[in-house]
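Listed below are the residues making up each chain.
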Amino acid sequence: MTATDPGVGRIDFYPTHQHAGYKMRAGKPFPFGATLVPNGVNFSIYSSSATACTLVIFDKGALTPRAEIPFPPEFKLGDVYSMIVFDLDPETLEYGYRMDGPWDPEAGLRFDASKILMDPYARVIGGRDVWGVVPNWDNPFQHRSRLAFDDFDWEGDVPLQIPTEDLIVYETHVRGFTKDPSSGVHFPGTFAGLREKIPYLKELGVNCIELMPIYEFDEFEHAHVDPDTGTVTHHNYWGYSTVGFFAPKAGYAATGALGMQVDELKTLVKELHLAGIEVVLDVVFNHTAEGDHRGPAISLRGLDNKTYYMLTPEGYYFNFSGTGNTLNCNHPVVRNMVLDCLRYWAAEYHIDGFRFDLASILGRASDGTPLSNPPLLEALAHDPILAKCKLIAEAWDAGGLYQVGSFPAYNRWAEWNGKFRDVTRRFLKGDEGTVPELATRLAGSPDMYSGRGPTASINFITAHDGFTLADMVSYNDKHNEANGENNGDGANDNNSWNGGVEGPTDDPEILALRGRQIRNAAVMLLTSQGVPMLMAGDELGRTQQGNNNTYCHDTPLNWIDWTLADKNADLLRFFSHLLHFRHAHPVLRNRWHHSGYDYVGSGLPDLSWHGQQAWRPDWSPSSRTLAFMLDGKHARGGSQPDQTLYVAFNTSWETRGFELPTLPDDERWHVFANTSMPSPEDICTPGEEWLLEEQAYVLLGPRSSLILVGKPPSPA
């Protein structure tokens, strides 16, 4: 009797072997991992240097194995052990492996058959089912491989494939977004809680949400415990330390205790898509939670250490990640694992794109040397299943490799543009010599992305790694004392400015200045060519009290305080109008860089630069003013005519007058935003701009920005 499974082909039902009452037969080497087959489960695991492999089976949650089944020698093909075990209950099954082999660290071999190892291809991982519940440290198998079931009803959902130039990305942390009681959701800190906030995201105007790591990680990794109370005071909160690449974090699911995290995450993705919002995952392939030679053997270290990690000639771990080890991404086996993983998320979870943490590591050879043509990056760029997925690189690593503008892109990759962040911050605080580079960054960084276009530039001013926007205008220096590292962690080059007082103040003038600076930053970000990315909570004026490295705090320091939506309603309104303004104007979202010429016969160049005098920008080192005009008739190469926009910045301490370029006879300048004005006059609803009384000249207050729209005046 036979049956056919679409994943592994024809399967014979007849076992050929028995061990301790379990019936088995030789398995299928592909796919790796555990796969349901008729009447059984196919197990497949790779190791090039192990001398023997044993499958270890548990009942869910049990401390001792139900059975241990050695792979017969004839069940090994090449370096792959595969076996079908019949009559297992997939609902209660947990499994791992023991690998036997030499313990020779200098040779890169760290086999230890006393350890039970997690399957790196596990689709579901148990052991940290509910966030923050202290695990049983006596459990010999902490991270437990489980099976996932492909029975989710997508109801016709497919990835949205929103053009990259139309995206507004919103970076957030699943737990921090709704954990605070002020969120008002039924399931705070979970995928389900985030789902309840979809109406907020839609009203705000974002159409892409970038989730900080949601792969299974251990919030108790490097946890700090108060010796007096026994309370855990610091967690691995951000999650940039992967335990399992294929499994969603159970602790992020309201149903994690029931093992339903797969369905809960898929439901979130489906609902986000229904709201027109794409999902990008922040993925961490640069290192794992196993750390350096002192770390635990969770999976890869015990399976095949020298394949999965970059090792020094002495057998220690290269540390280009700054966290103890570095994944050996360009080894063919590891490369295939990364590809398998991303294909899985794209196919099974309908994920729209990936942001790669410390992506420059993915371009290093096994000895750490940067490769000119990294096989993994090329394979990802040309992979047929990932062909429509967004690929975004954090184009640097902790080993000193900085590739913003030079990341091996294969005409596919976009980059977090750290240079956009740096120069916009410096211009905002009034540094000299910033205007020429600022103009280049606002234009989509053509100096770096001339061959790829502005969509290669993910523009951002703040991200999880650093100050919030409110803190950027409230602190000169980091204040990370709460991290317990004597304020030695976190970046020192913040390019921030407190406006006159460090931290909280009641001074109304300083508060008003900070409010303008936040709005000025938003105007720069959302009128720039490229893809803007906001950090969640910046639109609410969220603070981390000057802490620029909150990786370890599962506290209100990292949770969004939703009462700010009322307290800072004027700021939220400003952001929301600005986001919708960007959506309304294709001239802000060009696919290709501007030429500076009039190629459609409108009488104006597609992009022109100005200063206090029209057509005469001040590029001098002392300049603190800049303006630019985007001719609407050139929007998207002239294919999607738009209105003409004029944007001006003044970061000096004095009011400056700006001579305005002349519009065609039938058009007049209208004011959309002026951050020197108090709310609600600082911005208006898109499409309801106010006619500017004086058409040739405008005054712009100190530390302010302005957006004008050129269009026919409304009938009186």
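Criteria and cut-off values
Residues numbered from 1 in each chain as written. Predicted model: local features only at pLDDT ≥ 70, side-chain atom pairs only at ≥ 80, totals over all residues. Heavy atoms only, no water. Phe/Tyr/Trp six-rings, centres within 6.5 Å; stacked < 30°, edge-to-face > 60°. Lys NZ or Arg CZ within 6 Å of the ring centre and 35° of its normal. Salt bridge = Lys/Arg side-chain N within 4 Å of Asp/Glu carboxyl O. Helix = DSSP H or I, 4+ residues; strand = E, 2+ residues; numbered from the N terminus. Buried < 20%, exposed > 50% of the residue type's maximum accessible area, 1.4 Å probe, protein only. Pairing = 2+ DSSP bridges. Contact = heavy atoms within 4.5 Å. Axes fitted to C-alpha atoms, helices over the stretch in contact; angles between N-to-C directions. Patch = residues over 30% accessible without salt bridge, like charges linked within 9 Å, V, L, I, M, F, W, Y side chains within 5 Å. Areas by Shrake-Rupley, 256 points an atom, 1.4 Å probe, with all protein chains shown as cover. Lys, Arg positive; Asp, Glu negative; His and termini not counted. Charge placed at Lys NZ, Arg CZ, Asp CG, Glu CD. Core = buried A, V, L, I, M, F, W, Y, C linked by side-chain atoms within 4.5 Å. Expected span 1.5 Å × (residues − 1). Parallel < 35°, antiparallel > 145°, perpendicular 65-115°, else oblique. Left-handed = near helix turned anticlockwise from the far one by under 90°. Nonpolar A, V, L, I, M, F, W, Y, C, P; charged D, E, K, R; others polar.

**Q** Which residues make up the packing of aromatic side chains, and what are the values?
**A** According to the stated counting rule, one finds 44 aromatic pairs in the structure shown. Lysine 266 extends its terminal NZ or CZ atom over the ring of tyrosine 349, reaching a point 5.2 Å from the ring centre. Over the ring of tryptophan 653 we find arginine 703; its NZ or CZ atom is 4.5 Å from the centre of that ring.

**Q** Any chance you could break down the pattern of salt bridges for me, citing the residues and the numbers?
**A** A complete count under the given rule lists 35 salt bridges for this structure. We note a salt bridge from glutamate 219 to lysine 249, for which the minimum N-O separation is 2.9 Å. Of the two residues, glutamate 219 is situated in the loop between strand E18 (215–217) and strand E19 (224–225) and lysine 249 in the loop between strand E21 (242–248) and helix H4 (261–274); the sequence distance between them amounts to 30 residues. The class for lysine 249 is buried, based on a relative accessible area of 0%. Across the pair lysine 429 and aspartate 431 runs a salt bridge, and its minimum N-O distance is 3.1 Å. The network of salt bridges with common partners includes Glu94, Asp129, Arg144 and Arg146.

**Q** Give a description of the sheet that holds strand E33 (residues 690–691) that names residues and reports values.
**A** Note on sheets: strands pair through backbone hydrogen bonds, and any given pair is parallel or antiparallel. Taken together, the six strands give an open sheet; going across it, the order is E28-E29-E30-E35-E32-E33, and neighbouring strands pair in antiparallel fashion. Because the sheet does not close on itself, it has two edges, and the strands there are strand E28 (607–610) and E33. Of the pairings in the sheet, the one linking strand E32 (residues 668–674) to E33 comprises two bridges and is antiparallel in character. Looking at E33, one finds that valine 671 is bridged to tryptophan 690. Each of strand E30 (644–650), E32 and strand E35 (704–711) touches helix H14 (residues 569–584); the most contacted strand, E32, lies at about 140° to it.

**Q** Summarise a negative patch on the surface; cite the residues concerned and give the values.
**A** Taken together, the side chains of Asp89, Glu91, Asp150 and Asp151 define an acidic patch exposed on the protein surface. By the element assignment, aspartate 151 lies in the loop between strand E15 (144–146) and strand E16 (169–172). For aspartate 151, a relative accessible area of 57% gives the class exposed.

**Q** Could you give an account of the nonpolar core, with specific residues and numbers?
**A** By size, the foremost hydrophobic cluster in this structure holds 156 residues, and its most contacted members are Phe285, Trp345, Phe354 and Phe356. Tallying contributions element by element places helix H6 (residues 332–349) first for this core, with eleven residues. Not counting residues within four places of it along the chain, the set of residues in contact with phenylalanine 356 comprises Val283, Phe285, Leu342, Leu362, Leu380, Leu391, Ile392, Ala393, Glu394 and Trp413. Judged by nonpolar contacts, the second largest core, of 34 residues, contains Phe43, Leu93, Met99 and Ala122.

**Q** How would you summarise the pairing of strand E27 (residues 531–535) if you had to cite specific residues and measurements?
**A** Within E27, five of the five residues are buried, which leaves the element mostly enclosed by the surrounding structure. Of the two faces of E27, both are covered, the one formed by Val531, Met533 and Met535 as well as the one formed by Pro532 and Leu534. As judged from the three bridges shared by E16 and E27, these two strands associate in the parallel manner. Residue pairing across strands places valine 169 opposite methionine 533, the latter belonging to E27.

**Q** Go over the environment of leucine 692 with me, naming the residues and quoting the values.
**A** For leucine 692, the location among the structural elements is in the loop between E33 and strand E34 (697–700). Here the alpha-carbon distance between leucine 692 and histidine 670, two residues 22 residues apart in the chain, equals 5.0 Å. Discounting residues that sit within four places of it in the chain, leucine 692 has contacts with Leu660, Trp669, His670, Val671, Val698 and Leu708.

**Q** If you had to explain helix H8 (residues 418–429) to someone new, which residues and values would you point to?
**A** Along its twelve residues, H8 runs 17 Å from first to last C-alpha, staying within 8% of the 16 Å computed at 1.5 Å per residue. Looking at H8, one finds that the buried residues are Gly418, Phe420, Val423, Thr424, Arg425, Phe427 and Leu428. Those residues of H8 hidden inside the fold are in contact with strand E25 (414–417), helix H9 (435–442), strand E26 (457–460), helix H11 (469–472), helix H12 (508–526) and E30. Positioned one or two residues after H8, glycine 430 has a phi angle of 95°, which is positive.

**Q** For the packing of H8 against H9, give the residues involved together with the corresponding values.
**A** Look at H8 against H9: their axes get within 9 Å of each other, and the N-to-C directions meet at 135°. Viewed along their axes, H8 and H9 adopt a mutual orientation that is oblique. When the axes of H8 and H9 are compared, the crossing they make is left-handed. Mapping the contact onto sequence places Lys419, Phe420, Val423, Thr424 and Phe427 in H8 and Val435, Glu437, Leu438, Arg441 and Leu442 in H9. Within the contact of H8 with H9, the residues separate by chemical class into six nonpolar, one polar and three charged.

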